[in-house]
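Coordinate inspection notes
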Amino acid sequence: FGKLRKLSEIALQCYKAKDYSEKSFNLTTKLLSINPDFHTLWNYRRIILKKTFSEALQHSEVDNQEAQIKNLIEAELKLTADCIANRNPKSY
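This report concerns the structure included in the present document.

It is worth spelling out the packing of aromatic side chains at this point. The full count for this structure, using the stated rule, is 2 aromatic pairs. For the ring pair Tyr15 and Tyr44, a centre distance of 4.9 Å and an interplane angle of 50 degrees mean the geometry is tilted. One end of the pair, Tyr15, is in helix 1 (residues 2-16); the other, Tyr44, is in helix 3 (residues 39-59), with 29 residues separating them in the sequence. Judged by its relative accessible area of 29%, Tyr15 is partly exposed. With relative accessibility at 0%, the residue Tyr44 sits in the buried group. Ring pairing ties together the aromatic residues Tyr15, Tyr20 and Tyr44, which thus form one cluster. Lying over the aromatic face of Phe25, Arg45 brings its terminal NZ or CZ to 4.0 Å of the ring centre.

Now for the packing of helix 1 against helix 2 (residues 22-34). Relative orientation of the contacting elements helix 1 and helix 2 amounts to 140 degrees, with a least axis distance of 10 Å. On the basis of their axis angle, the class for helix 1 and helix 2 is oblique. As for how helix 1 packs across helix 2, the hand of that crossing is left-handed. Contacts between helix 1 and helix 2 involve Lys3, Leu4, Leu7, Ser8, Ile10, Ala11 and Cys14 from the first element and Ser24, Leu27, Lys30, Leu31 and Ile34 from the second. Its residues assigned to classes, the contact of helix 1 with helix 2 shows 8 nonpolar, 2 polar and 2 charged.

A few words now on the nonpolar core. Counting 16 residues, the largest nonpolar core has Leu31, Leu32, Leu41, Trp42 and Cys83 as the members making the most contacts within it. Residue assignment for this core shows that the elements contributing at least two residues are helix 1, helix 2, helix 3 and helix 4 (62-86). Examining the composition of this core, we find that 5 residues originate from one element, helix 3, more than from any other. With sequence-adjacent residues up to four places away left out, Leu31 is seen in contact with Leu4, Leu7, Ser8, Ala11 and Leu41.

Quick notes on the rules
Residues numbered from 1 in each chain as written. Predicted model: local features only at pLDDT ≥ 70, side-chain atom pairs only at ≥ 80, totals over all residues. Heavy atoms only, no water. Phe/Tyr/Trp six-rings, centres within 6.5 Å; stacked < 30°, edge-to-face > 60°. Helix = DSSP H or I, 4+ residues; strand = E, 2+ residues; numbered from the N terminus. Buried < 20%, exposed > 50% of the residue type's maximum accessible area, 1.4 Å probe, protein only. Lys NZ or Arg CZ within 6 Å of the ring centre and 35° of its normal. Axes fitted to C-alpha atoms, helices over the stretch in contact; angles between N-to-C directions. Parallel < 35°, antiparallel > 145°, perpendicular 65-115°, else oblique. Left-handed = near helix turned anticlockwise from the far one by under 90°. Contact = heavy atoms within 4.5 Å. Nonpolar A, V, L, I, M, F, W, Y, C, P; charged D, E, K, R; others polar. Core = buried A, V, L, I, M, F, W, Y, C linked by side-chain atoms within 4.5 Å.

Honestly, it's all geometry; don't read function into it.
In structure tokens:
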């Protein structure tokens, strides 16, 4: 429980610092897999995804943009299904 609390504190510090890095994104994945009821992390993750989509559209070749965004969306849908629908349906 102590490790979960420490990781949660780190994630919230990253959120407050507007850290939208891949490291922060991966941290939200880990934490939401453990506790899908952490609504602030879902919102933080949404912001990171929006920024990532925007960067992909601005800095990637057209063919690569679609693949990058598609992979991110598919991974997000899988996480949502795993965390909410399958493990904790009351959260959905």
